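# Descriptive analysis of the structure
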Amino acid sequence: MSAPYEKPALTPKELVALLRDKGLLIENAERAERYVKNIGYHRLSTYFSPFSSAENFAQNTTFDDILSLYIFDRKLRLLTLDPIQRIEIAVRAEISNHMSLEYGAFWFLDSTLFQDKDEHARFVENAKKCAGKSSKQSSQACRDYHLRYGDHELPPSWILIEELPMGCWSKIFSNLIRKQDKRAIADQFHFSWPDFHGWLHPLSIFRNLLAHHRRFWNCTIPVNPPKLEKYAKDCGPIQGSYKNFVVIMTMLKTFINQTQWPKHLAKILESCPLDIHQHMHFPQGWEDMPFWQTIHHSPPISS
């Protein structure tokens, strides 16, 4: 039987005192209280682990050590959100482009195009909540469409893709019934169609982590894209949170001709207050490896 939760809420002043009791060196208590109040103790506590063991902080650990790691992570999230957004936009645009040209602007309403009818029905209901005639959260483009046209409950595909998150389109792709449609879409990103959904899934997780401001600098997710080592070559051992950035870069390289993102990433990593090789598993000399230096569009692996 689980125990009841009995910890009381504490004021910022009490929380800073608690940190001091755990051995954290705090030079300016009022400043620390402001950060604890504006960030939240629980959120800040997710950055304690590299500096602590059990209940106490390592000797000579300062509040600024914790804060520096938090600020580094914030900068890293903002930088990483850029390629994630580019990938998301490209993926949903390609799904919409192909399916609309093949089956019309409202292809997503045709249940015969999908394997799991129940999953498709859930997608349609979710789409109605976000972009239907009676939706209160739809964009101006949706509202303009519904004012002008009244023959469909939902707007055409090229408007709808702007309303729904990456996870929805990842599920839509996996639920398509015709292999030729999956192949045509995946080919545009130089993936085999059986592998493509497996690559979209972790990207959806990254997107949610970043959009909800979660700790990202050393997080690992329990999802591995298929054939990672075959799609991502010449980048050294892929482990720890380094894997997240390899997955993002692999996907980004499939539809662009050049990017400055690796250079910006290297610059941000220089500001990490901890050793990125030990804590993030970036290999030595990673930025000079061919994977990060070139854009190479490879043919799909086993379609």
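The present account deals with the structure reproduced in this document. (Residues numbered from 1 in each chain as written. Predicted model: local features only at pLDDT ≥ 70, side-chain atom pairs only at ≥ 80, totals over all residues. Heavy atoms only, no water.)

## What about the overall build of the chain?
Each helix and strand in the chain was counted, giving 15 helices and 2 strands. Overall size of the chain, expressed as C-alpha extent along the three principal axes, is 65 × 50 × 40 Å. Counting over 303 residues, the chain shows a buried share of 45%. Per element, the accessible surface of the chain, about 16,200 Å² overall, is 50% carbon and sulfur. In the chain, 36 side chains carry a positive charge and 33 a negative one; their mean positions are 2 Å apart. (Helix = DSSP H or I, 4+ residues; strand = E, 2+ residues; numbered from the N terminus. Buried < 20%, exposed > 50% of the residue type's maximum accessible area, 1.4 Å probe, protein only. Areas by Shrake-Rupley, 256 points an atom, 1.4 Å probe, with all protein chains shown as cover. Lys, Arg positive; Asp, Glu negative; His and termini not counted. Charge placed at Lys NZ, Arg CZ, Asp CG, Glu CD.)

## A few points about empty space enclosed by the protein
With a probe scaled to a water molecule rolled over the atoms, the places where space remains empty come into view. Applying the stated criterion across every chain, the model contains 1 cavity of 30 Å³ or more. Space inside the largest cavity adds up to approximately 30 Å³. In terms of lining residues, the largest cavity is bounded by I84, I87, E88, M166, L203 and R207. Across the lining of the largest cavity, the residue classes tally to 4 nonpolar, no polar and 2 charged. (1 Å grid on protein atoms, 1.4 Å probe; cavity = no way out; pocket = protein on both sides within 12 Å on 5 of 7 lines; lining within 4 Å. Points joined across faces, edges and corners; volume = space filled by probe spheres on them. Nonpolar A, V, L, I, M, F, W, Y, C, P; charged D, E, K, R; others polar.)

## Describing helix 10 (residues 193–211)
In this model helix 10 runs 27 Å from its N-terminal to its C-terminal C-alpha over 19 residues, within 8% of the 27 Å that 1.5 Å per residue would give. When we look at burial in helix 10, the residues that qualify are W193, D195, F196, G198, W199, L200, P202, L203, S204, F206, L209 and L210. Those residues of helix 10 that are buried are in contact with helix 4 (63–103), helix 8 (166–175), helix 9 (179–187), helix 11 (228–231) and helix 12 (242–252). One or two steps after helix 10, the chain reaches H213, where phi turns positive at roughly 60°. (Expected span 1.5 Å × (residues − 1). Contact = heavy atoms within 4.5 Å.)

## Things to note about the environment of Y231
By secondary structure assignment, the location of Y231 is in helix 11. A residue is classified by how much of its surface remains accessible, and Y231, at 14% relative accessible area, is buried. Considering only alpha carbons, one finds Y231 and H190, 41 residues apart in sequence, at a separation of 9.4 Å. A distance of 2.8 Å separates polar atoms of two side chains, one belonging to Y231 and the other to D195. (Polar contact = N/O pair within 3.5 Å; in protein donor to acceptor, adjacent residues only side chain to side chain.)

## Remarks on the packing of aromatic side chains
Here the structure, examined in full by the defined rule, presents 26 aromatic pairs. Seen in terms of ring centroids, F123 and W169 are 5.7 Å apart; in terms of plane orientation they differ by 70°. Their pairing is edge-to-face. Residue F123 is found in helix 5 (residues 117–131), and its partner W169 is found in helix 8; the two are separated by 46 residues along the sequence. Judged by its relative accessible area of 7%, F123 falls in the buried class. Given a relative accessible area of 0%, W169 falls into the buried group. With a centroid separation of 6.2 Å and 45° between ring planes, the pair formed by Y242 and W292 is classed as tilted. Within this pair, whereas Y242 is found in helix 12, its partner W292 is found in helix 15 (residues 290–293), the two being separated by 50 residues in sequence. An aromatic cluster of three or more residues is present, and its members are F206, F216, Y242, F245, W261, F282, W286, F291 and W292. (Phe/Tyr/Trp six-rings, centres within 6.5 Å; stacked < 30°, edge-to-face > 60°.)

## Details of the packing of helix 1 (residues 12–21) against helix 2 (residues 29–39)
Their axes nearest at 9 Å, the elements helix 1 and helix 2 cross at an angle of 110°. Of the possible angle classes, the one that applies to helix 1 and helix 2 is roughly perpendicular. For helix 1 against helix 2, the interelement crossing comes out right-handed. Note on element contacts: helix 2 touches helix 1 through A29, A32, E33, V36 and K37, opposite P12, K13, L15, V16 and R20. Each residue belonging to the contact of helix 1 with helix 2 can be placed in one class, and the counts come to 6 nonpolar, no polar and 4 charged. (Axes fitted to C-alpha atoms, helices over the stretch in contact; angles between N-to-C directions. Parallel < 35°, antiparallel > 145°, perpendicular 65-115°, else oblique. Left-handed = near helix turned anticlockwise from the far one by under 90°.)

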